[in-house]
Amino acid sequence: LICMENLPADKQKPDPLGLEIIKANTNFKKGFYFGDSISDILAAKGTKNIIPIGVMPNGKFSAPTGAALKAAGAKKILNNINELAGVVLIEKSRN
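Below you will find a few notes about this structure. (Residues numbered from 1 in each chain as written. Predicted model: local features only at pLDDT ≥ 70, side-chain atom pairs only at ≥ 80, totals over all residues. Heavy atoms only, no water.)

As a further point, take the overall build of the protein. On a plain count of helices and strands, the protein comes out with four helices and three strands. Along the protein, helices and strands appear, N-terminal first, in the series α-β-α-β-α-β-α. Its C-alpha radius of gyration of 13 Å places the protein within 12% of the 12 Å reference for a compact globule of 95 residues. Projected onto its principal axes, the C-alpha positions of the protein cover 35 × 30 × 20 Å. When burial is assessed residue by residue, the protein has 31% of its 95 residues classed as buried. For the protein, the share of sequence-separated contacts (at least 6 apart) that also reach a separation of at least 24 residues comes to 37%. Of the accessible surface of the protein, which amounts to about 6,200 Å², a share of 57% is contributed by carbon and sulfur atoms. Distance between charge centres in the protein, computed from 13 positive and 8 negative side chains, equals 9 Å. (Helix = DSSP H or I, 4+ residues; strand = E, 2+ residues; numbered from the N terminus. Rg over C-alpha atoms; globule rule 2.2 N^0.38 Å. Buried < 20%, exposed > 50% of the residue type's maximum accessible area, 1.4 Å probe, protein only. Contact = heavy atoms within 4.5 Å. Areas by Shrake-Rupley, 256 points an atom, 1.4 Å probe, with all protein chains shown as cover. Lys, Arg positive; Asp, Glu negative; His and termini not counted. Charge placed at Lys NZ, Arg CZ, Asp CG, Glu CD.)

Next up, the structure:
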(Lines give C-alpha, C1' and ligand atoms only; values in the text may rest on other atoms or scores of the structure.)
Protein backbone atom coordinates (compact mmCIF):
# COMPACT_ATOMS: atom_id res chain seq x y z
CA LEU A 1 0.00 0.00 0.00
CA ILE A 2 1.40 3.34 -1.04
CA CYS A 3 0.00 6.47 0.56
CA MET A 4 0.57 10.10 -0.31
CA GLU A 5 3.02 10.28 2.61
CA ASN A 6 5.23 7.67 0.89
CA LEU A 7 5.92 9.99 -2.03
CA PRO A 8 8.03 13.16 -2.13
CA ALA A 9 6.15 16.43 -1.64
CA ASP A 10 6.39 17.24 -5.35
CA LYS A 11 4.62 14.00 -6.35
CA GLN A 12 0.93 13.22 -6.09
CA LYS A 13 -0.91 9.93 -6.42
CA PRO A 14 -1.22 8.35 -8.79
CA ASP A 15 2.40 8.58 -9.90
CA PRO A 16 4.75 6.04 -11.49
CA LEU A 17 7.07 6.47 -8.50
CA GLY A 18 4.49 4.84 -6.21
CA LEU A 19 4.31 1.82 -8.50
CA GLU A 20 8.12 1.66 -8.69
CA ILE A 21 8.25 1.66 -4.86
CA ILE A 22 5.88 -1.30 -4.79
CA LYS A 23 7.95 -3.18 -7.36
CA ALA A 24 11.17 -2.45 -5.45
CA ASN A 25 9.73 -3.82 -2.20
CA THR A 26 8.11 -7.00 -3.52
CA ASN A 27 9.00 -9.95 -5.69
CA PHE A 28 6.53 -8.75 -8.32
CA LYS A 29 8.20 -7.11 -11.27
CA LYS A 30 5.18 -7.17 -13.60
CA GLY A 31 1.57 -6.39 -12.85
CA PHE A 32 -1.67 -4.63 -13.59
CA TYR A 33 -2.87 -1.24 -12.46
CA PHE A 34 -6.63 -0.81 -12.44
CA GLY A 35 -7.83 2.77 -12.53
CA ASP A 36 -10.87 4.86 -13.31
CA SER A 37 -9.11 8.07 -14.32
CA ILE A 38 -6.76 9.22 -17.03
CA SER A 39 -4.12 9.99 -14.38
CA ASP A 40 -4.34 6.37 -13.18
CA ILE A 41 -3.76 5.09 -16.71
CA LEU A 42 -0.87 7.49 -17.30
CA ALA A 43 0.80 6.45 -14.02
CA ALA A 44 0.62 2.80 -15.05
CA LYS A 45 1.75 3.57 -18.58
CA GLY A 46 4.77 5.42 -17.15
CA THR A 47 5.88 2.37 -15.16
CA LYS A 48 7.86 -0.41 -16.80
CA ASN A 49 6.07 -3.80 -16.89
CA ILE A 50 2.78 -2.45 -15.54
CA ILE A 51 -0.30 -2.99 -17.69
CA PRO A 52 -2.89 -0.20 -17.40
CA ILE A 53 -6.51 -1.38 -17.21
CA GLY A 54 -9.37 1.12 -17.21
CA VAL A 55 -12.41 0.58 -14.99
CA MET A 56 -15.67 2.44 -15.44
CA PRO A 57 -16.29 4.80 -12.49
CA ASN A 58 -19.19 3.68 -10.31
CA GLY A 59 -19.65 0.61 -12.51
CA LYS A 60 -21.53 2.66 -15.10
CA PHE A 61 -20.41 2.37 -18.71
CA SER A 62 -19.91 5.64 -20.52
CA ALA A 63 -18.66 5.66 -24.10
CA PRO A 64 -16.81 8.99 -23.67
CA THR A 65 -15.10 7.81 -20.47
CA GLY A 66 -14.16 4.48 -22.04
CA ALA A 67 -12.77 6.26 -25.09
CA ALA A 68 -10.75 8.66 -22.92
CA LEU A 69 -9.26 5.81 -20.85
CA LYS A 70 -8.42 3.90 -24.04
CA ALA A 71 -6.86 6.99 -25.63
CA ALA A 72 -4.73 7.48 -22.49
CA GLY A 73 -3.33 3.98 -22.94
CA ALA A 74 -5.62 1.52 -21.16
CA LYS A 75 -5.10 -1.95 -22.64
CA LYS A 76 -8.64 -3.00 -21.71
CA ILE A 77 -11.72 -1.32 -20.28
CA LEU A 78 -13.77 -3.06 -17.59
CA ASN A 79 -17.40 -2.19 -16.91
CA ASN A 80 -16.76 -2.76 -13.19
CA ILE A 81 -14.04 -4.10 -10.90
CA ASN A 82 -15.82 -7.48 -10.68
CA GLU A 83 -14.39 -8.24 -14.15
CA LEU A 84 -10.85 -8.11 -12.72
CA ALA A 85 -10.44 -11.88 -12.40
CA GLY A 86 -11.10 -12.40 -16.09
CA VAL A 87 -8.32 -10.00 -17.08
CA VAL A 88 -5.80 -11.65 -14.77
CA LEU A 89 -6.71 -15.16 -15.95
CA ILE A 90 -6.46 -14.20 -19.63
CA GLU A 91 -3.03 -12.65 -19.13
CA LYS A 92 -1.84 -15.59 -17.03
CA SER A 93 -2.83 -18.04 -19.80
CA ARG A 94 -0.69 -16.06 -22.27
CA ASN A 95 2.48 -16.53 -20.21
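Here Thr 47 lies in the loop between helix H2 (38–45) and strand E2 (50–55). Taking the relative accessible area as the measure of exposure, Thr 47 reaches 3% and is therefore buried. Looking at Thr 47, its side chain comes within polar contact range of the main-chain oxygen of Ala 43, at 2.8 Å. Filtering out sequence-adjacent residues up to four positions away, Thr 47 remains in contact with Pro 16, Leu 19, Glu 20 and Lys 23. (Polar contact = N/O pair within 3.5 Å; in protein donor to acceptor, adjacent residues only side chain to side chain.)

Together, Lys 45, Lys 70, Lys 75 and Lys 76 give the surface a local cluster of positive charge. Relative to the assigned elements, Lys 75 resides in the loop between helix H3 (63–72) and strand E3 (76–78). (Patch = residues over 30% accessible without salt bridge, like charges linked within 9 Å, V, L, I, M, F, W, Y side chains within 5 Å. Salt bridge = Lys/Arg side-chain N within 4 Å of Asp/Glu carboxyl O.)

Geometrically, a pair of aromatic rings is defined through the distance of the ring centres and the angle of the planes. Scanning all chains against the criterion turns up one aromatic pair. Arranged with centres 5.9 Å apart and planes meeting at 35°, the rings of Phe 32 and Phe 34 form a pair that is tilted. Accessibility expressed as a relative area gives 26% for Phe 32, which makes it partly exposed. On the accessibility criterion, Phe 34 (23% relative accessible area) is partly exposed. (Phe/Tyr/Trp six-rings, centres within 6.5 Å; stacked < 30°, edge-to-face > 60°.)

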